[in-house]
Amino acid sequence: EKAEHERELALRTELIRQEKLEQLAARFDRKAAMRETWLSENQRLVSQDNFGLDLPAVEAATRKHEAIETDINAYDERVQVVVAVAKELDAERYHDVKRILARKDNVLRLWDYLRELLGARRERLMMNLELQKNLQEMLYIMDWLEDMKGRLQSQDYGKHLQGVEALLQTHTLVEADIAVQAERVKAVSAAAAKFAAEEQAYKPCDPQVVQDRISTLDLCYKELCKLAAERREKLEESRRLWKFFWDMVEQEAWIKDQSKILSSDDCGKDLTSIIRLISKHNAFKDEMSGRFGPLQQTIKEGEGLVEEGHFGAGDISERIRDIRQQWETLERLSKEREQRLKEAYNLYQFQADANDIETWTLEALRIVSSNEVGHDEYSTQTLMKKHKDVEEEIQNHRPTIDALHEQALSLPPECARSPEVDGRLPAIEQRYEELVALSESRKQALQDALALYKMFSEADACGLWIDEKEQWLVNMEIPQKLEDLEVVQQRFETLEPEMNNLASRISAVNDVACQLLDTDHRNKDEIKAMQDQLNARWTQFQSLADQKKEALNSALNIQNYHLECNETRSWMQEKTKVIESTHGLGNDLAGVMALQRKLTGLERDLEAIQGKVDELQVEAQKLTTEHPDQEASITGRLNEINDAWKDLKDTMKKREESLGEASKLQGFLRDLDDFQSWLSRTQTAIASEDVPTTLPEAEKLLKQHENIKNEIDHYMGDYRRMRDVGEEVTLGQTDVQHMFLNQRLQALDTGWNELRQMWESRNDLLSQAYGFQTFLRDARHAERFLNNQEYVLSHTELPTTLEGAEEAIKKHEDFMNTMDANEEKIKVVLDTGRKLVTEGNVHSDKIQEKVDSVDERHKKNRKAANDVLSRLKDNRELQHFLQDSQELTLWINEKMLTAQDMSYDEARNLHSKWQKHQAFTAELASNKDWLDKIDKEGQILVAEKPELEPVVKEKLAELHGLWDELDTTTKTKAQSLFDANRTELFTQSCSALEIWFQNLEGQLHSDDYGKDLTSVNILLNKQQLLENQMEVRQKEVEALKTQAQALSQEDANSVEVDSKQTVVEERFQELLQPLQERRKKLLSSKEGHQFNRDLEDEILWVEERMPMAASTDHGKDLSTVQLLIKKNQTLQKEIQGHQPRIDDIMEKGQTMVKEDSPDSEVIQGRLSDLQEMWKELISEVEKRHTRLEESQKAQQFYSDAAEAEAWMGEQELHMMSEEKAKDELSALAMVKNHEGVDQALEDYAQTILQLSNMSRDMVSSGHPESERITTRQGQVDKQYACLKDLAEERRGKLQEQLRLCQLKRDVDDLEQWIAEREVVAGSHELG
C-alpha cells in the first residue's frame, strides 16, 4: 500500500508539472507571436529614408530616429523574457522543446536584424545631417563674403593722415578676419568634398551639386582677397601722400621758428654769455643735422610718388621746391650766426686771457725780484724749490702768450686794430722777457749760495773725521803679542772703507770749489783757503795711515811664523811618540790589524806635515828678506823644524820594516766562510719554480731576479780575490789543513759556476713569462678597441637630410681617424705576438691563436668601415641632389603664382606691369642654368651610382614638368599682356623712357666729380647703377622696336609709331658717349684722391714709427734690452717690408707730376717730405740698433758680474762657517770638501778673467757706461781676492781640526793598549 501510495503521488506530481509546462509553452507561443509581429513592423519603419531636403527637416528626422532607438532599446527586456521562457522549457525537458528553441532563434534573428537596420539608418541620417550643416555653413560664409565685398568696394581713402591711419587699422582688422575665414572656407570645402567622392557607396546628395557649391565658395573667397589687396594698395598710396604733407608741414614750421632765432643780433656781453649762446647754437646745429636726414628721406619719398605718377604729383613737387629753398635759407642764416658768435667769442676770450696774463706777470715779477738767498743750506734749498715752481709757471705761460698772438690774428680786422688788442700784446711781451731774465738771475744766485753752504758743511764734517782718526793713529803703538796685533788689524780693516768714503766726499768738495772759483764768486779767497787746508790735511792723514799699516803687517807676519813653527814642532813630537808606542803590538792577529790601522793614519798625517814644512820654508825666506835684523832667530826656528821632521821620518821607516804578515791567513778564512754562506743562500733563491700568472707578478719576479744578478756581479771581485789568496796560501803545502782548504776552494769554484747557469736558466723562463703576460695585456686592450669598433659599425644609419649626412660623414671620418690611431697599437700587438712565437715562447700556441683572432677582426672592421663610409658619401650626394631639387621646386611654385596673375585689363600703370613682367622673364632665363645644373648633377649621380636611378629620374621628371608649365604660363601671360593694350603700352613705354633719359642727361652734365675718395666712390657706385640701368633700358628699346613693327602692321598710325620709336632710339644712342666720358673723369678723380689718401697714410705711418725709432729707452736690465732689440728688429723688418709700398707711391707721384697734373707742385712737395722722413726713419732705426747692442753688452756684463758676485757671496758664507769636525773621518771629509771648493775657486778664475776682458774691451771701445763698468769690474776683482784669502784661512783651520782629531784617536789607542797590558800584567796564570 505504501509503494502504491508513493507511485500515485509521483504520478500526480508529474501530471501537475506537465500541465504547468503546457501552460508555459502556450505563454511562450503567445509572447513570441507578439514579438515577431512588433519586430516585423519596426523593420518596415526603419527601412524608410524620408530624411528631408533641408537642415530643419533632417534635424527633425534625427530627433524622430532617436525616439525610435529609445523604444527599440527599451524593447530589449521583452525579447529577453522570451529567451528566458525558452531556456526554462529547455531546462525542464519539455517534449516539444525543439520547436520552442527554433522559434526563440527566429525571434533573436529578427531582433539582431532590426538593430542592424537601425544602425545603418543612423549612419545615413548622420551623413545627411553633416551634409546639411556644411551646406548651411557655406550659405553663412557666402553671406559674410558678400557683406565684406560691399565694404571693400568703398571709395573713401581718407581726407587726412589720421583718417587714412584709421582706415588702415580698420582694413587690417578686415584682412585679419578674411585670413581667419580662410581656414573656415578650407575646412568647409574639405568636409563637403567627402560627399562628392566616387568611392563612397551612399551619397546623401548629388555630388555635382556639392562640387558646384564648393567651387562657388572658393571663387567668392578669392575675389574677396583680391579686393582686400587692391584696397590696401590704394590706402597705402593715400597714407604716403598724406604722410608726406604732414612731414612737410612739420618741417616748415620748425624752419620758420629757427629762422627767427637765427636772425637775432644778440652776441653776448661777456665771455660767459657768449659761451652760453655758442652752446645753444651748437645744440641747434646738432638738431639741424638730425632733422636733415629725415627731411631728405621725406623728399625722396615725395620724388618717388612723383615718379610713380601719383594723383598729387603737382602739389608734391611744389612743396619739395619750397622746403628746399627754406632749408637753404636756414643753412645760410646758421652760418652767418655762427660766424658772428665765433668772432665775438674770440674777442672776449682774448680780453680775458690778456687780463689773466697781466695779473700773473705782476705777481711773478714781485717774487723773482727778491734778493733773499737764505742764510744756511736748508733755507736756501727751500727757496730753490719755490723758485723751481716759479720757473715751471713761467715756462707753462709761454704757450698761453703765443696763443694770445694767434687769437689776435684770428680776430676781425676792425677788432684787431683796436687799442684793446693792438696795444696790449707788446706790453705783455716786454714784461714776460723781463720776468724770464730776472728768473735766470735769481736761479743762478740761489744755486751759488746753495753750493757754497753745502761745500762749507761737507768740509767741516771731513775735517772733524780727519782730526778724530789722526789722533788715534798718532797715539797708537805696535804691540808685541799676537792677540793685540789682531785687534789692531781689525780696526785698520774698518778704517779702510771709511777712508774710501771720505775720499769721495773730499773729491766732491773740490769739484764744487772749482766750479765756484770759475764763476768769480764773491767769497773766492775764503773758498780757496778752505780747499787747500782740507787737501793738505787729507794728504798728511793718508801718509800716516800707510806707515802705521805697514808696521802692523810686518809685526803680524813674524808672530804668525813663530806660532806656526811651535805648532808644527809639537805636532811632529806627538807623532813620534805615537810611533814609538806601537812596539808592543803585532804578537797576534788582532794586534797586527790594530797596528796596521794606526800606521795607515800616521802616513796621512806625515803627508800633511810635509806640506806644512814646505810652507814654513817659503815663509822663512820671505821674512829673512824683509827683516834682516831677525835672520838668526828665523833661521834657527826653521832648523829645529827640519831636525824634528827628519827624526819623525826615520822612526816611521824603522817601524814599518818590523811588520810581518801574521794576519793574512786568518782574514782569508773568515772571508771564505762568509762567501760560502752567501753562495748557498743565493742558490736556494734562484732554484725557485714559481711561475707568474699576472703581469705585475712577472715584473716583480723579474726585478728580484735582476737584483740577484747585480749581487752576483758585486761578489765577482771577492771571488777572484779569494781564489788568488787561496792559491797563494795552499801553494806547496801538503799538510791535512791545507788539503782541506784546497777542497773547499774546488767546491767554491763548482758552486760559483752552477750559480751562473741556474741564474741564466731562471732568467730565460721569467723573460718568456713576462713577454707572454705583456702580450696578453696588450691583446686585451686591442680587443676592447675592436669591440667598440664593431658596435659603432653595426649601429650606423643613413640620414634623410643633407645636414645629417654631412654630420654622419664627419662623425664616421673621426671614427676612422680613431681607428687609424689604434691601428698602430694593434699592429704592435700582432708583431709582438709573432715575435714571441718565432722565439719559441713556452706559450706559443695560445699566442698564435690570439694573434690570428685579433688580426682577422681588425681586417673585418677595416673593410666594414670603408663600406660604411662609401654608403654615407653616396647618401650625402643623393641628399644634396634632393635638397637642390626641393629648393628649385619651391622657387618654381612661388614664381608660378606670379605668372598666373592676369590683372592686366586696366590701361593705368600698364607700362610698369610690362616692365615687371619683362624683369620676371629675365629672372626665369637667368635661373634656367639652375635647372640645367641640377639635371647635370642627376645624370652624373645616375652614372656613378646606378642603384639611385629610380629616385633621381623621378625627381628630374617632376622638375622638368614644373619648369615647362611655368615657362608656358609666362609666355601666355606676356602675349596676353601685350595683346591687351598694345598702343597704350607702347605710348607709356616711350613716355617713361623719355622721362628717364631726361633725368639721366641732367646727372651726366653734373660737374661734381667728388671732393674726396669717399664721395668719388659713391659717385662711381651711382655711375655703375646708371650703366646697369642703361643695359636694362637697351632691352626695353629693342622691345619697343619689336612692338613698333607689330603695331605698324595692324594700325593706321604707323608713321607716328615709327617716329616715336626712332626718337627714343636716337636719344638712347646720344647718351652712351657722355656716360662713358663721365666714367673716365670719375676714374681719373678717384685715382688722384686715392694717391693723396695713400700718400697721407704713408706719411702718417712714418710719423707713428718715428718716436719708436728715436726712443732713448735702452732698458734697465738684460731681459728688457733683449726685448727692445727684438722690437727694433721687428721694426726694421717692417720697414723693409714697407719699402716696396714707398717705392710704389713715389713712382705714382712722379708719373702724376710728369703728366702735368693740376696739383703737380703740391704733389712734388709732399713726395719730398715723405722721402726725407723715410730716410730719417731708416737712419734712426740703425742708430737705435747700434745703441741697443751696446746696452746689451753692458747689461750682459752686469748680469754676469751679478752672477759672479752671488756665487762668491755663497762661497764666502761657506768659508765663514764655524762648523767643527766631531771625529777624524768628518775632519777628513771637511778637508776634502774644502779641496773641492779650492779647485772650484781656481777654476772660477777663468770666469773672472773673461769678465775682465769683456769690461776692458767695452772701455777701450768708448762705451757710454765705461766708468760704471770699470767700477763694477773692480768690485768683482776685490771680492774674488777676499774670497781666496778666506779660503786659505779656512784651509788652515780645517787642517788644525784634523790634527786635533788624529791626536785624540792616538790617545784613545794608547789608552786601549795600556788597558790590555794591564790585564796581561795582572794575570795570575804562570803556565
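Residues numbered from 1 in each chain as written. Predicted model: local features only at pLDDT ≥ 70, side-chain atom pairs only at ≥ 80, totals over all residues. Heavy atoms only, no water.

(A) Looking closely at the overall build of the chain. Along the chain, the regular secondary structure elements total 31 helices and zero strands. By the burial criterion, 38% of the 1327 residues in the chain qualify as buried. Of all intrachain contacts in the chain linking residues separated by at least 6 positions in sequence, the fraction that spans at least 24 positions is 85%. Carbon and sulfur atoms form 51% of the exposed surface of the chain, whose accessible area is close to 79,500 Å². (Helix = DSSP H or I, 4+ residues; strand = E, 2+ residues; numbered from the N terminus. Buried < 20%, exposed > 50% of the residue type's maximum accessible area, 1.4 Å probe, protein only. Contact = heavy atoms within 4.5 Å. Areas by Shrake-Rupley, 256 points an atom, 1.4 Å probe, with all protein chains shown as cover.)

(B) Just the packing of helix α20 (residues 802-838) against helix α21 (residues 844-899), in detail. In the contact formed by α20 and α21, the axes pass within 9 Å of each other and the chain directions differ by 165 degrees. When the interaxial angle is binned, α20 and α21 end up roughly antiparallel. Between α20 and α21 lies a crossing of left-handed hand. (Axes fitted to C-alpha atoms, helices over the stretch in contact; angles between N-to-C directions. Parallel < 35°, antiparallel > 145°, perpendicular 65-115°, else oblique. Left-handed = near helix turned anticlockwise from the far one by under 90°.)

(C) Layout of the environment of Glu 783. Topologically, Glu 783 is positioned in helix α19 (residues 736-794). Separated by 74 residues in the primary sequence, Glu 783 and Arg 857 have C-alpha atoms spaced 8.8 Å apart. Not counting the four nearest positions on each side in its chain, Glu 783 is found in contact with Lys 850, Val 854 and Arg 857. Here the side chain of Glu 783 touches Lys 850 through a polar contact of 3.0 Å, side chain to side chain. (Polar contact = N/O pair within 3.5 Å; in protein donor to acceptor, adjacent residues only side chain to side chain.)

(D) Main features of unusual backbone geometry. Despite not being glycine, Arg 93 has its phi angle at roughly 55 degrees, a positive value. Looking at the secondary structure, you find Arg 93 in the loop between α3 (76-91) and α4 (97-152). Overall, the relative accessible area of 68% leaves Arg 93 in the exposed class.

(E) Local environment of the side chain of Ser 1255. Note on placement: Ser 1255 falls in helix α30 (residues 1224-1260). Sequence-distant contacts of Ser 1255, defined by excluding residues within four places in its chain, comprise Phe 1197, Ile 1269 and Gln 1273.

(F) Representation of the packing of aromatic side chains. Inspection of the entire model under this criterion finds five aromatic pairs. Positioned over the ring face of Tyr 1198 is Arg 1268, at 4.1 Å from the centre of the ring. (Phe/Tyr/Trp six-rings, centres within 6.5 Å; stacked < 30°, edge-to-face > 60°. Lys NZ or Arg CZ within 6 Å of the ring centre and 35° of its normal.)

(G) Molecular detail of the packing of α21 against helix α23 (residues 928-944). Viewed as axis vectors pointing N to C, α21 and α23 meet at an angle of 155 degrees, and their least axial separation amounts to 10 Å. Between α21 and α23, the angle is such that the two are roughly antiparallel. Seen from above, α21 lies across α23 with left-handed handedness. Across the interface between the two elements, Glu 877, Leu 878, His 880, Phe 881, Asp 884, Ser 885, Glu 887, Leu 888 and Trp 891 of α21 pack against Trp 930, Leu 931, Ile 934, Glu 937, Gly 938, Leu 941 and Glu 944 of α23. Taken together, the residues of the contact of α21 with α23 sort by class into eight nonpolar, three polar and five charged. (Nonpolar A, V, L, I, M, F, W, Y, C, P; charged D, E, K, R; others polar.)

(H) Expanded view of the confidence of the model for the chain. Mean pLDDT over the chain stands at 77; residues scoring 70 or higher make up 87%. Considering only residues more than four positions removed or in separate chains, one finds that residues 586-593, a stretch of pLDDT under 50, has 10 contacts. Low confidence marks residues 904-908, where pLDDT is under 50. Its contacts with residues over four positions away, or in another chain, come to 10 contacts. (pLDDT = per-residue confidence, 0-100.)

(I) Examining the environment of Val 306 more closely. Looking at the secondary structure, you find Val 306 in helix α7 (residues 271-307). Residue Val 306 is classed as partly exposed on the basis of its relative accessible area, which comes to 29%. Along the primary structure Val 306 and Ile 316 are separated by 10 residues, whereas in three dimensions their C-alpha atoms are 7.2 Å apart. Contact partners of Val 306, with chain neighbours within four places excluded, come to Ala 313, Ile 316 and Ser 317.

(J) Seen up close, the pattern of salt bridges. Under the defined criterion, the tally for this structure stands at 37 salt bridges. The salt bridge involving Asp 1306 is made with Arg 1305; its shortest N-O contact spans 3.7 Å. Here the two residues Asp 1306 and Arg 1305 agree in accessibility, since each one is buried. Via salt bridges that share partners, Asp 29, Glu 36, Asp 96, Arg 99 and Arg 103 belong to a single interconnected network. (Salt bridge = Lys/Arg side-chain N within 4 Å of Asp/Glu carboxyl O.)

(K) Looking closely at the nonpolar core. Counting 24 residues, the largest nonpolar core has Phe 28, Val 46, Ile 72, Leu 89, Tyr 94, Ile 100 and Trp 111 as its most contacted members. Looking at this core, the elements that each hand over two or more residues are α1 (2-46), α2 (55-74), α3 and α4. For this core, the element with the most residues is α4, which contributes eight residues. Setting aside residues no more than four positions away along its own chain, Ile 72 makes contact with Trp 38, Val 46, Trp 111, Leu 114 and Leu 118. Of all hydrophobic cores here, the second largest spans 23 residues; its members include Leu 131, Val 174, Ala 192 and Leu 217. (Core = buried A, V, L, I, M, F, W, Y, C linked by side-chain atoms within 4.5 Å.)

(L) Geometry of a negative patch on the surface. On the surface, a cluster of negative charge is contributed by Asp 845, Glu 849, Asp 852 and Glu 856. As for its placement among the helices and strands, Asp 845 is situated in helix α21. (Patch = residues over 30% accessible without salt bridge, like charges linked within 9 Å, V, L, I, M, F, W, Y side chains within 5 Å. Lys, Arg positive; Asp, Glu negative; His and termini not counted. Charge placed at Lys NZ, Arg CZ, Asp CG, Glu CD.)

(M) Highlighting the environment of Leu 1004. Among the secondary structure elements, Leu 1004 is positioned in helix α25 (residues 982-1004). For Leu 1004, a relative accessible area of 9% corresponds to the buried category. Put simply, Leu 1004 and Leu 1026 are 22 residues apart on the chain and 9.9 Å apart in space, counted from C-alpha to C-alpha. With residues near it in sequence (within four places) discarded, Leu 1004 still touches Leu 1071, Pro 1074, Leu 1075 and Arg 1078.

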